[in-house]
Amino acid sequence: MRASSTEAGRPGLLGRLDPLSERRTDGTTLVRAAQALPPYRARLIDHLHEWAERAPDRTFLAERRADRSWRRLTYAEASEQVVAVAGGLLALGLSEDRPIAILGGNDIEHALLALAAMEVGIPYCPVSPAYSLVSKDFGKLRDAFALLTPGLVFVPDGAAFAAAIEAVGSAGVVRVATRRGEAIGAVPFEALADGTATARSAVAGRRELVGPDTIAKFLLTSGSTGHPKAVVNTQRMLSANQTMLAQCFPFLSDEPPVFVDWLPWNHTFGSNHNFGMTLVHGGSLFIDAGKPMPGAIAETVANLREIAPTAYFNVPKGYEALLPHLRADEALRATFFSRLRMLFYAGAGLSQAVWDAYQDLAVAATGARIPFVTGLGATETAPSALMNLRDVDGPGNMGHPMVGVVMKLVPAAGKLEVRIKADCVTPGYWRSPELTAAAFDEEGYYRLGDAVRYASPGDADGGFLFDGRISEDFKLATGTWVSVGPLRAAFLAAFHPLARDVVIAGHDRDDIAVLVFPDLDACRAVADGSADPVGHPAVRAVFAERLVRFAEAATGSSTRVERLALLAEPPSIDRGEITDKGSINQRAVLAARGGLVADLYADPPPAHVISARATVAP
């Protein structure tokens, strides 16, 4: 039996969330924390200036230069530059109706511009770089600009973003670039700064007008529609959620946190959660240009070999990509675990094998397990709503409502739909009153769209397990409900590491079939390095064997997969099949690949379809 984190001498790292439940006569249940939410700041930006006074020389942000040295920005430098840039922004007539659009990824100029905008109450929107650099038709970028009508657009590199800027037709919009701005007629970033006494006075005056309900930013999310929605993020949301997180993680106050983080700031996990946590606790964030994918993880490994984080945040694919390097590299392992007090995963389910591997490495390196934490939330909840702070032996438990959060559980199609009311919940979607109205119920609870189930039947104290997205579930022709989330997780576990993701089909059909996005590296290993691993007989044979076993283990038609097809073409961001953080849109994939779905149900099936009722010769 493994020792718990507290038994291993790590008490006090995590807080407590003691759930109180109230069951109503209409069948709904309300769950909240017994603890009360402490007061929180009216403005998130206040923390920057406070740390500039308390720890002026501490590194706030750092990023790699071309020569691999670290460019560091202290709290004092950041505070001074933010005020100067804010002074320049005031002269441009920017507002809620003419906000700032930031098209680039994570870097110091991005952070300074975002903080300067918050300093004077100008909303900004970090837009996924993939909309500009990966997309072929710039459709999502056009949609975002039409919705936001920005008054200023910022890019790190004018030449790299020139095609995107031309595509959106940003006439009349101020263009700002860090470098090569001449390619788009942009002013240099440093030209924004106005540090005159007059500008500073104007900034101070505008700052006093910024309050809890001032819009801090818009975060784009497409959900199941494929078209960007702009989630309004207020100062109240950001400050309240950071106070909730501080109650969960008291160790953040023990010493200034150090993070090495790649998670994009155009998503709520990277920006509101991680960047916000750095700012609130006076920490240091080392911007990681790596990504959890082949060819890009090496940068993350190099950074973690040099910088020891006090907490580490990632998505499950990121932990999977990093794991073999930690196993193989003793120096990396020693640095990584030397100050680490928490691992945190979100965005998808983590496998038990990966969980166990990290705990084994932690014990080997430090003599103790490390808390491996997750929760539940959304862009609309800024982001955290539930958090698991209990010592558990595996992934999946989402924990309990955080302080200040009321979770409403509504019975729906045999599941418990989650709805949330809290100060960290968005007031709605920008310029989308119908979407906003549909997002809230008659009592003002935000409809998260997720379902949960009790980890211990009927007992909130045991926490809650994710039970899928309500909108993804469907019925077979027999009337049997298929719960897509749990089935997807079970399938990926059974086909690990060969399947990177899976899309579930079967609406109004007699049985379930799936489209599989294979992990090409894992498949190549099976196919002896073949240039076409998807079509290789050995790969097809392994998938066929596992499909038969998976079908035999099914408990009924709602968990039995009859057929699968391997997809050689990766998911497309232009068709809305995938976000830049790697989330698959089930509906978009099924719609875009209707021909392949038809093949799954053809009788007899074509040769490229693998059936649980047949074998494939290697």
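For the structure, check the block above.
All residue numbers refer to position in the chain's written sequence, counted from 1. It should be noted that, the model being predicted, local features are given only for residues of pLDDT at least 70 and side-chain atom pairs only at 80 or more, the latter also being counted only at that level, while totals for whole chains, interfaces and linings use all residues. The basis for every side-chain value is the complete set of heavy atoms in the structure, and neither hydrogens nor water enter the calculation.

Engineer: Is there a simple way to explain the overall build of the protein in this structure?
Structural biologist: On a plain count of helices and strands, the protein comes out with 19 helices and 29 strands. A radius of gyration in this sense is built from C-alpha atoms; the matching globule rule multiplies 2.2 Å by the number of residues raised to 0.38. In terms of C-alpha radius of gyration, the protein reaches 25 Å, essentially the compact-globule figure of 25 Å for 618 residues. Once the C-alpha set of the protein is aligned to its principal axes, its extents read approximately 80 × 55 × 55 Å. Buried residues in the protein amount to 57% of all 618 residues. Only heavy atoms matter for contacts: two residues are in contact if any of them lie within 4.5 Å across the pair. Long-range pairs, those at least 24 residues apart, make up 66% of the contacts in the protein between residues at least 6 apart in sequence. Accessibility throughout is a Shrake-Rupley quantity obtained with a 1.4 Å probe, and a residue counts as covered only by protein chains that appear here. Carbon and sulfur atoms make up 53% of the accessible area of the protein, which totals about 24,100 Å². To qualify as a helix, a DSSP run of H or I must reach at least 4 residues; to qualify as a strand, a run of E must reach at least 2; elements of each kind are numbered from the N terminus. Only protein chains enter the accessibility calculation, which uses a 1.4 Å probe. A residue is then buried if its area is under 20% of the maximum for its type, exposed if over 50%, and partly exposed in between.

Engineer: What's the story with the sheet that holds strand β1 (residues 19-23) in this structure? I'm lost.
Structural biologist: At least two DSSP bridges between two strands are needed for those strands to be called paired. Taken in spatial order, the six strands make up an open sheet running β1-β2-β20-β21-β22-β23, and their pairing is antiparallel. Lying at the two open borders of the sheet, with one neighbouring strand each, are β1 and β23 (459-469). Mean inter-strand twist for the sheet, computed between neighbouring axes without regard to direction, equals 35°. Note on geometry: axes are C-alpha line fits, over the in-contact stretch for helices, and angles between N-to-C directions span 0 to 180 degrees.

Engineer: Could you clarify how one ought to interpret the side chain of Asp441 in this entry?
Structural biologist: Mapped onto the secondary structure, Asp441 falls in the loop between α14 (433-439) and β22 (446-456). On the basis of relative accessibility, which here comes to 6%, the residue Asp441 falls in the buried class. Among the polar contacts made by the side chain of Asp441, one reaches the side chain of Arg419 at a distance of 3.1 Å. At a separation of 2.9 Å, a polar atom in the side chain of Asp441 contacts the main-chain amide nitrogen of Tyr445. Any pair of nitrogen or oxygen atoms within 3.5 Å is treated as a polar contact; in protein, a donor-acceptor pairing is required on top of that, and neighbouring residues in sequence qualify only through side-chain atoms on both sides.

Engineer: Is there a simple way to explain the pattern of salt bridges in this structure?
Structural biologist: Oppositely charged side chains can form a pair if their charged atoms are brought close together. Should a side-chain nitrogen of Lys or Arg be within 4 Å of a carboxyl oxygen of Asp or Glu, the pair is scored as a salt bridge. Under the criterion given, the structure shown has 39 salt bridges. When the shortest N-O distance is used, the salt bridge between Lys408 and Glu443 registers 2.5 Å. Highlighted residues: Lys408 in strand β20 (residues 406-412) and Glu443 in the loop between α14 and β22, separated in sequence by 35 residues. You can call Lys408 buried: its relative accessible area is 2%. Judged by its relative accessible area of 31%, Glu443 is partly exposed. In this structure, Asp441 engages Arg419 in a salt bridge whose closest nitrogen and oxygen atoms are separated by 3.1 Å. In this pair, Asp441 sits in the loop between α14 and β22 while Arg419 sits in strand β21 (residues 415-421), placing the two residues 22 residues apart along the sequence. The network of salt bridges with common partners includes Arg24, Lys408, Glu417, Arg419, Asp441, Glu442 and Glu443.

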